[in-house]
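Notes for the structure review
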Amino acid sequence: MSVQTHIVSEDEADLRLDRWFRRHFPDLTQGALQKLCRTGQVRVDGGRVAGASRLAPGQTIRVPPLPQPSVPAASEAPAPLDPLLAKEIERMVIYRDEKIIVLDKPSGLPTQGGPGITKHVDMMLDGLRDGRADRPRLVHRIDRDTSGLLLVARTPGVAAKLAAAFRGRDVKKTYWAVVVGRPMPGEGVIDQPLARLGAGNGALVIAASRDDEDAASARTEYVTVDAAGRKMAWLALSPLTGRTHQLRVHCETIGTPILGDPRYGGKAAHPEGFADRLHLHARALDLPHPDGGRLIVAAGLPPHMRETFRDLGFSPGETPAPQRIQGPKPAAAAVKAVRRTVGGGRTGR
C-alpha cells in the first residue's frame, strides 16, 4: 500500500481522527495509529496531529502505508437482528428524519450492554438501518430504570456533531420526576459536587465536598410544577452537567428522593400505595438540528408514572408533537414558547 490522501467529508465534521481511522481502516489498532501519529506519518493538512484531534470538512488526511493485520478480518456479515427485537425498537421511534432518530425508551431496558445484560437498546439499533450502510448509533445514555428520550444519529458524522452539541451545553434536557416530599424553596439550582464509589454496576454516586480530589462539579436546575401538599411533588429537572445518577443523587441531597428509586433515598423513596419503580422520565430534548434550526421533541409518561400522576391529581396535559423550528438562529420567543409546552406548566397548588 502506498501513501494515500483522503478529504474529510461534510458528514465527518467534528469526528475524532482515531474514529475516522476506525471507520475507514478497521484493521488498524489504536496502538498502531498512535505510533503513526507520534512519528508524524499520519498528518492532517500537512501538520502533526493526535488521535483525539477533531476533523473539519475539507481537511486533508495523509495515510501512510499501513501494517497488514496478522489475522484476516472476518468477512462474515453480522447475524440479522431478531424480528421481534426489530419490531420492539421500531415501536420506540417517536421521530425520525434523514439525520436523526428519537426513541422513547421504556423503564427497565438498559441503554447499553454490560455484565449480565443480554438485551439493550444498542444491540437493537440494526433494526433502524432502513437499508443504509451506516449503523445508527447512540448519542447519549439514560439510566436503565429511567424512561424517556434517547437520541440516535444515523451516521458517524451526525453523531459527532450532536456529541459536540451535548459537550457545548447546546442541548436542553428536561426530566420529569415525582419526589417524596416537597422541596423548599420550590425552585432553584442544586450545586452539589458528586463522587463515585466503587466500579461496575454496583457503584454508587455520593455527595462530595468541593475540596475532595475525586469530586466532580454537578449542577441541576429544578422547578416544582405541582405538589400534593407536602407529601409528594412533581419536579421538572434540567441537568446543567452530565454526571452519572446526577438527578437521583441531587434529589436525595435536598431531602426529596425520587419515588421508587431502587438505589438512592432508602426507605423514604418507597412509601406504600405507589408503584415501586423509579419515577424519573426523560421528558424533552431541545437540540440544534444538523441541518439547521432546532428540534424539540417530547415523550409521554410511562404507565406507572401516569398512574401515580392520576392518584396525586397531577395533570401533565397532552404530549406535543415533535417540532422543527427553522432558521439559522430561531427566534428566542418561538423556542421559549415550545419549551413551555414540553416542560409542564406550574400550577402553584
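Residues numbered from 1 in each chain as written. Predicted model: local features only at pLDDT ≥ 70, side-chain atom pairs only at ≥ 80, totals over all residues. Heavy atoms only, no water.

Notes on the confidence of the model for the chain
Let me state the cut-off plainly: Confidence of the predictor at the level of single residues is given by pLDDT, which spans 0 to 100. By definition, any uninterrupted DSSP run of H or I lasting at least four residues is a helix, any uninterrupted run of E lasting at least two residues is a strand, and each is numbered from the N terminus. Contacts were defined at the residue level, with two residues in contact if any of their heavy atoms lie within 4.5 Å.
Per-residue confidence for the chain gives a mean pLDDT of 88, with 89% of residues at or over 70. Least confident of the elements in the chain is helix 8 (residues 332-343), whose mean pLDDT is 62; most confident is strand 6 (residues 100-105), at 98. Low pLDDT, under 50, characterises residues 345-349; the stretch is placed with 16 contacts to residues that sit more than four places away or in other chains.

Comments concerning the pairing of strand 16 (residues 294-298)
In plain terms, the rule: Summary of the burial criterion: residues with accessible area below 20% of their type's maximum are buried, those above 50% are exposed, and those between are partly exposed, where the area comes from a 1.4 Å probe applied to protein chains only. In this description, strands pair whenever DSSP reports at least two bridges between them.
For strand 16, the buried fraction is high: five of the five residues fall into the buried class. Here strand 16 shows no split at all, with R294, I296 and A298 on one side and L295 and V297 on the other all buried. Note that strand 15 (residues 280-288) and strand 16 share five bridges and pair antiparallel. Bridged to A284 within strand 16 is A298. From the end of strand 15 to the start of strand 16, which pair antiparallel, there are five residues, and G292 there has a positive phi angle of about 105°. Pairing of strand 16 with strand 17 (residues 323-325) involves three bridges; the strand directions are antiparallel. For R294, the partnering residue across the bridge sits in strand 17 and is I325.

Observations concerning the packing of aromatic side chains
This is how it is decided: Only Phe, Tyr and Trp rings take part, Trp by its six-membered ring, and two of them pair if their centres are within 6.5 Å. Stacked means planes under 30 degrees apart, edge-to-face means over 60, and tilted covers everything else.
Enumeration according to the criterion identifies eight aromatic pairs in this entry. When the ring of W20 is compared with that of F21, the centres are 5.1 Å apart and the planes differ by 80°; the resulting orientation is edge-to-face. Each member of the pair, W20 together with F21, is buried. One aromatic cluster is present, built from ring pairs that chain together W176, W234, F309 and F314.

Quick look at the side chain of T308
Looking at where T308 falls in the secondary structure, it is placed in helix 7 (residues 303-312). The residues contacting T308, other than those within four sequence positions of it, are V178, L259, F274 and H279.

A word on the sheet that holds strand 4 (residues 60-63)
Note the following rule: Lines are fitted to the C-alpha atoms to define the axes, a helix being fitted only along its stretch in contact, and any angle between axes, read from their N-to-C directions, falls within 0 to 180 degrees.
As summarised here, the arrangement of the four strands in space is 1-4-2-3, forming an open sheet in which the pairing is antiparallel. Whereas interior strands pair on both sides, the edge strands pair on one side only; in this sheet they are strand 1 (4-7) and strand 3 (47-48). The pairing of strand 1 with strand 4 spans four bridges and is classified as antiparallel. Among the inter-strand pairings, I7 is bridged to a residue of strand 4, identified as T60. Each of strand 1, strand 2 (43-44) and strand 4 touches helix 1 (residues 17-24); the most contacted strand, strand 4, lies at about 65° to it.

Section: the packing of helix 1 against helix 2 (residues 30-38)
Stated formally: When describing relative orientation, an angle under 35 degrees is termed roughly parallel and one over 145 degrees roughly antiparallel, while 65 to 115 degrees is termed roughly perpendicular and anything else oblique. Note: crossing handedness is left-handed where the near helix turns anticlockwise from the far helix by less than a right angle, and right-handed where it turns clockwise. Classification used: nonpolar for Ala, Val, Leu, Ile, Met, Phe, Trp, Tyr, Cys and Pro, charged for Asp, Glu, Lys and Arg, polar for all others including Gly.
At their nearest, the axes of helix 1 and helix 2 sit 11 Å apart, and the two run at 125° to each other. With respect to helix 2, the element helix 1 is oriented oblique. In this structure, helix 1 crosses over helix 2, and the sense of that crossing is right-handed. Residues L17, D18, F21 and R22 of helix 1 touch helix 2, and the partners they reach there are Q30, L33 and C37. Split into classes, the residues belonging to the contact of helix 1 with helix 2 amount to four nonpolar, one polar and two charged.

A short note on the side chain of S147
Note that S147 resides in strand 8 (residues 147-153). For S147, the residues in contact, after removing those within four places along its chain, are K105, P106, S107, I142, L280, H281, A282 and P302.

Considerations on the nonpolar core
A general feature of soluble globular proteins is that nonpolar side chains tend to end up buried together. Put simply, the test is: Here, the term nonpolar core denotes a set of buried Ala, Val, Leu, Ile, Met, Phe, Trp, Tyr and Cys residues that are joined through side-chain atoms within 4.5 Å.
By size, the foremost hydrophobic cluster in this structure holds 30 residues, and its most contacted members are I89, L103, V121, L125, L237 and L280. Among residues more than four places away in sequence, those in contact with L280 are T146, S147, Y175, W176, A177, L237, L247, R248, I258 and M305.

So, the pattern of salt bridges
Selection rule: Criterion for a salt bridge: a side-chain nitrogen of Lys or Arg within 4 Å of a carboxyl oxygen of Asp or Glu.
With the rule as written, the count across this model stands at 16 salt bridges. Put simply, D122 and R135 hold a salt bridge, and the shortest N to O gap is 3.7 Å. Separated by 13 residues along the polypeptide, D122 in helix 4 (residues 121-124) and R135 in the loop between helix 4 and strand 7 (137-138) bring together distant segments of the chain. Using a relative accessible area of 25% as the deciding quantity, one classes R135 as partly exposed. The structure contains a network of salt bridges with shared partners spanning E90, R96, D130 and R154.

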